[in-house]
Amino acid sequence: MNNTWLFILQALTIVVVLGLAYRPLGDYMAHVYTTQKNLKVERGFYRLIGVDPASEQTWPVYLRSLLAFSLIGLLFVYLLQRTQELLPFSLGLPAVPEGLAWNTAISFLTNTNWQSYSPEQTMGYTVQFAGLAVQNFASAAVGIAVAIALVRGLSRRKSLTIGNFWVDVTRGIVRILLPLS
């Protein structure tokens, strides 16, 4: 089988899988972001961070929440890399150089996950599981939250609110990304 037929077979497989999954997954996602009910773990998290899940945000407040969440994630991943030699499971590796740590933190924040290093020779286990793996979920949840907020903004033209960023990102992680993983 040559490469052209293999490519066509792979493309058809993707189309068929998407065709079968889009309706149940789309309906489930719509339910996740429209229901008023919160799971017990979500309620506990909202209490912990001081968020009222029933309150909605205007787009400037939603944006500030998103930027604050992203900035904290960026600085956390950067700090983990820069203090790697002090962390458990560092595998005896030194701190990641400033430029590489900054580039990696930004690439995982933006969900591009660009890596210009060999992970096993540059980053210990703590940085990989507590920083990069967590940021993979967080950045994907932020992307989903932005898409949901955009849809709400378009469908609620006369409303001043577009949902609650903290609820959207929490539900994205707890109800969509973790179960799918």
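Residues numbered from 1 in each chain as written. Predicted model: local features only at pLDDT ≥ 70, side-chain atom pairs only at ≥ 80, totals over all residues. Heavy atoms only, no water.

**Looking at helix 6 (residues 125-155)**
Note: α-helices contain 3.6 residues per turn, so residues at a spacing of three or four share the same orientation.
Part 1: Spanning 31 residues, helix 6 covers 44 Å between terminal C-alpha atoms, matching the ideal 45 Å at 1.5 Å per step.
Part 2: Its maximal kink placed at Gln135, helix 6 deviates by approximately 25°. (Helix = DSSP H or I, 4+ residues; strand = E, 2+ residues; numbered from the N terminus. Expected span 1.5 Å × (residues − 1). Bend = angle between axes of the 7 residues up to and from the residue.)

**Examining the packing of aromatic side chains**
Part 1: Counted by the stated rule, this structure contains five aromatic pairs.
Part 2: Summarising the aromatic geometry, the rings of Phe69 and Trp166 are spaced 5.9 Å apart at their centres and angled 80° between planes, so their arrangement reads as edge-to-face. With Phe69 in helix 3 (residues 59-82) and Trp166 in helix 7 (residues 165-180), this residue pair connects regions lying 97 residues apart in the sequence.
Part 3: Summarising the aromatic geometry, the rings of Phe165 and Trp166 are spaced 5.1 Å apart at their centres and angled 80° between planes, so their arrangement reads as edge-to-face.
Part 4: Here a set of aromatic residues connected by ring pairs shows up, and it is made of Tyr62, Phe69, Phe165 and Trp166. (Phe/Tyr/Trp six-rings, centres within 6.5 Å; stacked < 30°, edge-to-face > 60°.)

**Topic: the side chain of Thr126**
Part 1: Here Thr126 lies in helix 6.
Part 2: With a relative accessible area of 10%, Thr126 lands in the buried category.
Part 3: Within the structure, Thr126 has its side chain in polar contact with the backbone oxygen of Pro88 (distance 2.3 Å).
Part 4: Not counting residues up to four positions away in its chain, the partners in contact with Thr126 are Leu87, Pro88, Phe89 and Gly131. (Buried < 20%, exposed > 50% of the residue type's maximum accessible area, 1.4 Å probe, protein only. Polar contact = N/O pair within 3.5 Å; in protein donor to acceptor, adjacent residues only side chain to side chain. Contact = heavy atoms within 4.5 Å.)

**So, helix 3**
Part 1: An ideal rise of 1.5 Å per residue puts 34 Å on 24 residues; helix 3 measures up with 34 Å between its terminal C-alpha atoms.
Part 2: Listed as buried for helix 3 are Tyr62, Ser65, Leu66, Ser70, Gly73, Leu74, Val77, Leu80 and Gln81.
Part 3: Contacts made by the buried residues of helix 3 are with helix 4 (98-109), helix 6 and helix 7.

**Overview of unusual backbone geometry**
Part 1: Look at Phe89: it is not a glycine, yet its phi comes out positive at around 60°.
Part 2: As for its position among the elements, Phe89 is in the loop between helix 3 and helix 4.

**Re the environment of Leu109**
Part 1: Within the secondary structure, Leu109 is located in helix 4.
Part 2: Along the primary structure Leu109 and Ser139 are separated by 30 residues, whereas in three dimensions their C-alpha atoms are 5.6 Å apart.
Part 3: Not counting residues up to four positions away in its chain, the partners in contact with Leu109 are Ser70, Leu74, Gln135 and Ser139.

**Quick word on the packing of helix 4 against helix 6**
Part 1: At their nearest, the axes of helix 4 and helix 6 sit 8 Å apart, and the two run at 35° to each other. Contacts from Thr104, Phe108 and Leu109 of helix 4 reach helix 6 at Leu132, Gln135, Asn136 and Ser139.
Part 2: Of the residues that constitute the contact of helix 4 with helix 6, the class distribution is three nonpolar, four polar and no charged. (Axes fitted to C-alpha atoms, helices over the stretch in contact; angles between N-to-C directions. Nonpolar A, V, L, I, M, F, W, Y, C, P; charged D, E, K, R; others polar.)

**A few points about the nonpolar core**
Part 1: The biggest cluster of nonpolar side chains holds 15 residues, and the ones touching the most others in it are Tyr33, Tyr62, Val142, Ile144, Phe165 and Val169.
Part 2: Among the elements of the structure, helix 1 (3-34), helix 3, helix 6 and helix 7 are those that each provide at least two residues to this core.
Part 3: If you tally residues by element for this core, the top one is helix 6, at six residues.
Part 4: Setting aside its immediate chain neighbours within four residues, Tyr33 contacts Ile144, Ile148, Arg152, Asp168, Arg171, Gly172 and Ile176.
Part 5: If you look at the next biggest cluster of nonpolar residues, it comprises 14 residues, including Leu74, Val77, Ala101 and Leu132. (Core = buried A, V, L, I, M, F, W, Y, C linked by side-chain atoms within 4.5 Å.)

**Notes on the packing of helix 3 against helix 6**
Part 1: For the pair helix 3 and helix 6, interaxial distance at closest approach is 10 Å and the crossing angle is 165°. By the angle between their axes, helix 3 is roughly antiparallel relative to helix 6. The handedness of the crossing between helix 3 and helix 6 comes out as left-handed. From helix 3, Tyr62, Leu66, Phe69, Ser70, Gly73, Phe76, Val77, Leu80 and Gln81 reach across to helix 6, where they touch Val127, Ala130, Gly131, Leu132, Gln135, Ala138, Val142, Ala145, Val146 and Ala149.
Part 2: In terms of residue class, the contact of helix 3 with helix 6 is built from 14 nonpolar, five polar and no charged. (Parallel < 35°, antiparallel > 145°, perpendicular 65-115°, else oblique. Left-handed = near helix turned anticlockwise from the far one by under 90°.)

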